[in-house]
Amino acid sequence: MQKLKLYLENIHSMRWSIEVFFSDSKRLLVLTDCSSRNFSAHIAHVSLVMIRYNILASIKRTLDYDTIGGLFGDMYLGVHELTVVEKIWAIIIEVVAVVSELIDADSDELTIQIIENDKRLAALREYAQTA
């Protein structure tokens, strides 16, 4: 009887660890905030949340934070998912970098010239349509 009680307590403690993981991940690491409709994106999102949780939990163990929520709050300020605008801007910067390599120009100067000169933007549109 004593072995059974010890076994059940062990199972309960393992189950409690899982509950704490999901609670903290939902509340602090935005586990439920993946808005994609792609299954692979959901798998990637959950995997990244689990990796973040494990890294933060190991940091907590080594630094002995008061609460795991405080640690997650501190770490989450520096880590966030890119917004649509940030993703589009990154693509634009990448395209400008490729074009600047093709025409042997500085990508920063080319970006400024494209923004400031509508004729260059029109020429870039024509070039993109012919490519």
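Bear in mind the structure is a predicted one, so any value in this text is a computation, not a measurement.

Peer 1: Lay out the pattern of salt bridges in plain terms, naming residues and giving numbers.
Peer 2: Applying the stated rule across the entire model yields one salt bridge. Of the charged contacts, one joins Arg27 and Asp24 as a salt bridge, the two residues approaching to 2.9 Å between their closest N and O atoms. Of this pair, Arg27 and Asp24 are both found in helix α1 (residues 2-28), three residues apart, which corresponds to roughly one turn of the helix.

Peer 1: So what's going on with helix α5 (residues 107-116)? Which residues, and what values?
Peer 2: Among the residues of α5, those classed as buried are Leu110, Thr111 and Ile114. Down the axis of α5, the sector holding all buried residues measures 100°, keeping them to one side. The exposed set on the far side of α5, more than 90 degrees from its buried face, consists of Asp108, Glu109 and Glu116.

Peer 1: Report on helix α2 (residues 39-63), specifying residues and quantitative values.
Peer 2: Compared with the 36 Å implied by 1.5 Å per residue over 25 residues, the 36 Å span of α2 between its first and last C-alpha is a close match. Here α2 starts with a cap whose side-chain oxygen sits 2.9 Å from the backbone nitrogen of Ser40, and that cap is Asn38.

Peer 1: Requested: an account of a nonpolar patch on the surface, with residues and values cited.
Peer 2: On the surface, Leu4, Tyr7, Leu8, Ile11 and Met14 cluster together to form a nonpolar patch covering roughly 510 Å² of accessible area. Mapped onto the elements, Tyr7 comes out in helix α1.

Peer 1: Before we move on, could you go through the environment of Asn54 and cite the residues and values that matter?
Peer 2: Its place among the elements puts Asn54 in helix α2. Taking C-alpha positions, Asn54 is 9.5 Å from Phe21, a pair spaced 33 residues apart along the chain.

Peer 1: Report on the packing of α1 against α2, specifying residues and quantitative values.
Peer 2: At a minimum axis separation of 11 Å, α1 and α2 run at an interaxial angle of 110°. As summarised for this structure, α1 and α2 are arranged roughly perpendicular, according to the angle between their axes. In contact with Val20, Phe21, Asp24 and Ser25 of α1, α2 contributes Val49, Met50 and Tyr53. Here the contact of α1 with α2 is composed, by residue class, of five nonpolar, one polar and one charged.

Peer 1: An account of the packing of aromatic side chains is requested, with residue identities and associated values reported.
Peer 2: Counted by the stated rule, this structure contains two aromatic pairs. Consider the rings of Phe21 and Phe22, whose centres lie 4.9 Å apart with planes at 70°: the pair is edge-to-face. Given a relative accessible area of 13%, Phe21 falls into the buried group. Overall, Phe22 belongs to the partly exposed group, its relative accessible area being 39%. Judged by centre distance (4.7 Å) and plane angle (90°), the rings of Phe21 and Tyr53 are edge-to-face. Of this pair, Phe21 sits in helix α1 while Tyr53 sits in helix α2, and the two are 32 residues apart along the sequence. The pair formed by Phe21 and Tyr53 is uniform in burial state, with each residue classed as buried. Taken together, the ring pairs connect Phe21, Phe22 and Tyr53 into an aromatic cluster.

Definitions and limits used
- Residues numbered from 1 in each chain as written.
- Predicted model: local features only at pLDDT ≥ 70, side-chain atom pairs only at ≥ 80, totals over all residues.
- Heavy atoms only, no water.
- Salt bridge = Lys/Arg side-chain N within 4 Å of Asp/Glu carboxyl O.
- Helix = DSSP H or I, 4+ residues; strand = E, 2+ residues; numbered from the N terminus.
- Buried < 20%, exposed > 50% of the residue type's maximum accessible area, 1.4 Å probe, protein only.
- Arc of directions from axis to C-beta.
- Expected span 1.5 Å × (residues − 1).
- Polar contact = N/O pair within 3.5 Å; in protein donor to acceptor, adjacent residues only side chain to side chain.
- Patch = residues over 30% accessible without salt bridge, like charges linked within 9 Å, V, L, I, M, F, W, Y side chains within 5 Å.
- Areas by Shrake-Rupley, 256 points an atom, 1.4 Å probe, with all protein chains shown as cover.
- Axes fitted to C-alpha atoms, helices over the stretch in contact; angles between N-to-C directions.
- Parallel < 35°, antiparallel > 145°, perpendicular 65-115°, else oblique.
- Contact = heavy atoms within 4.5 Å.
- Nonpolar A, V, L, I, M, F, W, Y, C, P; charged D, E, K, R; others polar.
- Phe/Tyr/Trp six-rings, centres within 6.5 Å; stacked < 30°, edge-to-face > 60°.

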